[in-house]
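# Examining the three-dimensional arrangement
Chain by chain, the residues:
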Amino acid sequence: GRLSPGDQVRISILFSVLEDLKDDYTIFVHVEDVDGRVERMNVDHKPNNGRTPTTEWKKGETVRDDFGLYLPPGLNVRGLNLWVGLWEPKSDARLPVVNADKVKTDGNNRTLLVMIPVVP
């Protein structure tokens, strides 16, 4: 769909768990102007507001994470890219993207979730 400045939307991400995780990761979401003119917004959060820590994710399962995104009024962009990944705050390390040939990534362990058009 499309968003307009001042809109709020719920976003769901489905994670396919390939291996058990030993560390408790934070989901990072970088919201960036497709033209690079506006400062990045961060929507980092614990999975499902901390109810499903990554240390409890089991190999083979699919984990759904829901979060909100609010576009400030007056935001003047034609579109936003939502980049996502997993980040371990203590070590400041991102979980590597291991299937870069199957997903759009920027080479910095971020996967492009979606490009959202923004209309005035």
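Residues numbered from 1 in each chain as written. Predicted model: local features only at pLDDT ≥ 70, side-chain atom pairs only at ≥ 80, totals over all residues. Heavy atoms only, no water.

## Things to note about the overall build of the protein chain
What counts here: Put simply, DSSP marks the helices as runs of H or I at least four residues long and the strands as runs of E at least two long, and each gets a number from the N terminus on. Only C-alpha atoms enter the radius of gyration; for comparison, a globular chain is expected to reach 2.2 Å times N to the power 0.38, where N is the number of residues. Buried, partly exposed and exposed residues are distinguished by accessible area as a fraction of the type maximum, computed with a 1.4 Å probe on protein chains only: under 20%, between the cut-offs, and over 50%, respectively. In this description, contact between two residues means that some pair of their heavy atoms is separated by no more than 4.5 Å. Each accessible area is a Shrake-Rupley result for a 1.4 Å probe, and residues are judged covered by the shown protein chains and nothing else. We treat Lys and Arg as the positive residues and Asp and Glu as the negative residues; His and chain ends play no part in the count. Charged groups are reduced to one reference atom each: NZ for lysine, CZ for arginine, CG for aspartic acid, CD for glutamic acid.
Broken down by element type, the protein chain carries zero helices and seven strands. In sequence order, the protein chain lays out its α and β elements as β-β-β-β-β-β-β. Over its C-alpha trace the protein chain gives a radius of gyration of 15 Å, about what one expects of a compact globule, namely 14 Å for 120 residues. Over its C-alpha atoms, taken along the principal directions, the protein chain stretches across nearly 45 × 30 × 25 Å. The proportion of buried residues among the 120 residues of the protein chain is 36%. Here the contacts in the protein chain between residues at least 6 apart in sequence split such that 74% fall between residues at least 24 apart. Here the protein chain has roughly 7,300 Å² of accessible surface; of this, 48% comes from carbon and sulfur atoms. Taking the 16 positively charged and 18 negatively charged side chains of the protein chain as two groups, their mean positions are separated by 3 Å.

## Considerations on the confidence of the model for the protein chain
Selection criterion: Along the chain, pLDDT gives the predictor's confidence residue by residue, from 0 to 100.
Across the protein chain, pLDDT averages 94, with 100% of residues at or above 70. The element-level mean pLDDT for the protein chain is lowest in strand β3 (residues 41-42), coming to 94, with strand β2 (residues 26-33) highest at 97.

## Quick notes on the nonpolar core
Test applied: Residues belong to one nonpolar core when they are buried, are Ala, Val, Leu, Ile, Met, Phe, Trp, Tyr or Cys, and are joined through side-chain atoms within 4.5 Å.
Counting residues in each nonpolar core, the largest one holds 24 residues, and the members touching the most others are F15, V29, V31, W57, L80, L82 and L86. Those elements that place two or more of their residues in this core are β1 (8-16), β2, β4 (62-70) and β5 (79-88). Broken down by element, this core gets its largest block of residues, four residues, from β5. Those residues in contact with L86, other than ones at most four positions away along the chain, are F15, L21, Y25, T26, I27, F28, W57, A93, R94 and L95.

## Observations concerning the environment of L113
Along the polypeptide, L113 turns up in strand β7 (residues 111-117). Each C-alpha atom, one on L113 and one on W83, is 5.6 Å from the other, the two residues being 30 residues apart in sequence. When sequence neighbours within four positions are dropped, the list of residues in contact with L113 reads I11, I13, L82 and V84.

## Notes on the packing of aromatic side chains
Stated formally: In this analysis, rings of Phe, Tyr and Trp, with Trp reduced to its six-membered ring, are considered paired at centre separations within 6.5 Å, and the interplanar angle assigns stacked below 30 degrees, edge-to-face beyond 60, and tilted for intermediate values. A ring has a charge above it when a Lys NZ or an Arg CZ is no more than 6 Å from the ring centre and no more than 35 degrees off the ring normal.
In this structure the tally under the stated criterion is one aromatic pair. On the basis of an interplanar angle of 40 degrees and a centroid distance of 5.3 Å, the ring pair of F15 and W57 is categorised as tilted. With a gap of 42 residues between them, F15 in strand β1 and W57 in the loop between β3 and β4 connect regions that are remote in the sequence. As far as burial versus exposure is concerned, F15 and W57 are alike and both buried. Here the basic side chain of R94 rests over the ring of F28, its NZ or CZ set 4.6 Å away from the ring centre.

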